Amino acid sequence: MEPVVLERPEHCVSRKNISSAAIKVLYRLKDEGYIAYIAGGGVRDLLLDRYPKDFDVATDATPEQIRKMFRNCRLIGRRFRLAHILFRGEVIETATFRAPVPSDEGEHPENTFRTGEDGQVMRDNVFGTPQQDALRRDFTINALFYNIADFSIIDYAGGLEDLEKKIIRVIGDPDTRFTEDPVRMVRAARFAGTLGFEIEKEAYESICRNKDKLALAAPSRMYEEVQKLFFCGYAKNVFQWLEKTDLLHPMFHDFSHWIDEDKTRHDWVVQTLEQMDRWRKANLRVHPALLFALLFGEYHEVLAQQLIDAGASPHDAARDAVHRHLQGMCTNVRVPKQVIYQVSDIMTNQLRFQQTKGNRPKRVLQHKGFLDAFLYFKVSSKAHGRNQELLAYWVDLREAKK
Ligand code: ATP
Ligand code: MG
């Protein structure tokens, strides 16, 4: 199949908008006689006039050939080897064009190789053509190439048309592709939310049919994905897609059922996500622990109250509510232990804000988890219209300390 090719005058992608590290890698490969493309999300974002998060390079040079060309290069991955070319503050992931493998399970290192009973690697590198490489990608808009040799855009999958139409379309049969790698369903919701695109009808219906397959995805990979969903700066839009596709249920089982029972619970989550997006736009880094504390905050508070009613102390109740919920959730989304402890600290520290007598408040300010606990206190107090005087007290105290 001949690809659609947009020559340089026909598109807006300029080398100025590509990182100098990526440009160096591309030219080096080209000068050595290899094909050198920017692939995937980088091209999509450049065409949409957004600054890409990272630039991935695709080439016909093999990993060994790439390694010999760059001193600052590390090969990673066992089944499919990728080159990481390291620059100060930036890593350019450079991959050899890849052929589709039956039941390919996605990009995560955990899933890029399989070992047999005796531990041998069962699949080796399967190199492919540029076209094969494009067609094994998830969505048409993620399958575009930028060719450094003539600055053209190469489209094997109809991605240019879908960018125009603002559509997330699966390459190939959606049921097959979502079964191969269920995380692709979550990625569809993320791209729709971040880009303001629609999910194409067949893909959307396929997600509705296949959403429970998400339970088959590796929980550690889901944790990575959940962070991308909520830290992308469009968390509120992404959440709306998760609700619309009903992916929320297989991801956060108990929590999503609890939200469904009452509209005000839903509003709290939306307010939290708006706050996440504001922080992101202001370029503030938020801990995963604060995200989880806020997202599940009201749910954890209700669980804690049930434990208090059953006789637990407020401190133990706050701690146990978090542990029970997040540890239970780990079968779908593996939240690291350390993060669970930090969420639990944020919640138990809320009790300290109730105490304003004597020297205690000053000690609270010096506590190492103060800032995250305070941010939770502030956001939740505002959202619920409660603790207004207490909040003013702590804001003043904090200002006075600065
Ligand atoms: P982001 O802005 O989040 O980085 P991205 O499109 O660059 O978006 P990555 O996860 O960085 O996404 O992956 C890079 C490229 O690899 C994608 O654009 C896509 O072409 C391909 N890809 C990633 N994950 C999958 C997957 N699960 N199945 C098929 N192709 C994938
Ligand atoms: Mg990327």
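Residues numbered from 1 in each chain as written. Chains lettered and ligands numbered in written order. Predicted model: local features only at pLDDT ≥ 70, side-chain atom pairs only at ≥ 80, totals over all residues. Heavy atoms only, no water.

> I tried to follow the layout of surface pockets on my own but got confused; where do I start?
The gaps left among the atoms become clear once a water-sized probe is rolled over them. Taken as a whole, the second largest pocket encloses approximately 360 Å³ of empty space. Along its surface, the second largest pocket is lined by 19 residues, and Glu301, Ala318, Met347, Gln350 and Leu351 are the ones closest to its centre. Of all the elements, helix 15 (residues 297-309) adds the most residues to the lining of the second largest pocket, at 5 residues. (1 Å grid on protein atoms, 1.4 Å probe; cavity = no way out; pocket = protein on both sides within 12 Å on 5 of 7 lines; lining within 4 Å. Points joined across faces, edges and corners; volume = space filled by probe spheres on them. Helix = DSSP H or I, 4+ residues; strand = E, 2+ residues; numbered from the N terminus.)

> Just to check I follow, could you spell out empty space enclosed by the protein for this structure?
A full pass over the atoms with the stated rule returns 1 cavity of 30 Å³ or more. By volume, the largest cavity amounts to about 30 Å³. Lining the largest cavity, in full, are Leu214, Ala215, Met222, Pro250, Met251 and Asn332. Class assignment of the residues belonging to the lining of the largest cavity gives a composition of 5 nonpolar, 1 polar and no charged. (Nonpolar A, V, L, I, M, F, W, Y, C, P; charged D, E, K, R; others polar.)

> Hey, could you run me through the confidence of the model for the protein chain in this one?
Any region with low pLDDT has predicted coordinates that should not be read closely. Averaged over the protein chain, the pLDDT score is 91; the fraction of residues at 70 or greater is 94%. Residue range residues 104-122 is modelled with pLDDT below 50. Its contacts to residues more than four positions away, or to other chains, number 40 contacts. (pLDDT = per-residue confidence, 0-100. Contact = heavy atoms within 4.5 Å.)

> Honestly, the site of ligand 1 in this entry has me stumped. Any pointers?
The environment of ligand 1 is formed by 17 residues, the closest being Arg44, Lys53, Asp181, Arg184 and Arg190. Taking arginine 44, its side chain carries an N or O atom lying 2.8 Å from an oxygen atom of ligand 1. Between ligand 1 and the protein, one listed contact pairs an oxygen atom with a side-chain N or O atom of arginine 137 at 3.0 Å. Burial of ligand 1 by the surrounding chains reaches 89%, relative to a free accessible area of 580 Å². Mapped onto the shell around ligand 1, the elements with two or more residues apiece are helix 2 (41-47) and helix 7 (183-195). A per-element tally of the shell around ligand 1 places helix 7 first, with 4 residues. (Near = heavy atom within 4 Å. Polar contact = N/O pair within 3.5 Å; in protein donor to acceptor, adjacent residues only side chain to side chain. Areas by Shrake-Rupley, 256 points an atom, 1.4 Å probe, with all protein chains shown as cover.)

> How should I be thinking about helix 19 (residues 370-384) in this particular structure?
An α-helix turns once every 3.6 residues. As a result, residues three or four positions apart point the same way. Taking 1.5 Å as the rise per residue, helix 19 with 15 residues should run 21 Å; its terminal C-alpha atoms sit 21 Å apart, in good agreement. Listing the buried residues of helix 19 in full gives Phe370, Asp372, Ala373, Phe374, Leu375, Tyr376, Phe377, Val379, Ser380 and Ser381. Where helix 19 is buried, its residues meet helix 13 (263-281), helix 14 (288-295), helix 15, helix 17 (337-349), helix 18 (360-366) and helix 20 (388-401). Positive phi appears at glycine 385, one or two residues downstream of helix 19, with a value of about 55°. (Expected span 1.5 Å × (residues − 1). Buried < 20%, exposed > 50% of the residue type's maximum accessible area, 1.4 Å probe, protein only.)

> I'm lost on the domain arrangement of the protein chain in this one. Help?
Where interface size is quoted, it is often the accessible area lost as the parts come together. What the domain assignment reports for the protein chain is domain 1 (1-165) and domain 2 (287-401). The straight-line distance from the C-alpha centre of domain 1 to that of domain 2 is 43 Å. (Domains from an automatic or database assignment.)

> Sorry if this is basic, but what is going on with the side chain of asparagine 210 here?
Position of asparagine 210 among the secondary structure elements: in helix 8 (residues 201-210). Residue asparagine 210 is classed as buried on the basis of its relative accessible area of 6%. The contacts of asparagine 210, once residues within four sequence positions are left out, are Asp175, Thr179 and Met185.

> Help me understand the pairing of strand 5 (residues 82-87) in this model?
Pairing between strand 4 (residues 73-76) and strand 5: 4 bridges, direction antiparallel. Each residue of the ladder has a partner; that of cysteine 73, found in strand 5, is isoleucine 85. Here strand 5 folds back onto strand 6 (residues 90-96) in antiparallel fashion, the turn holding 2 residues, of which glycine 89 has a positive phi close to 75°. (Pairing = 2+ DSSP bridges.)

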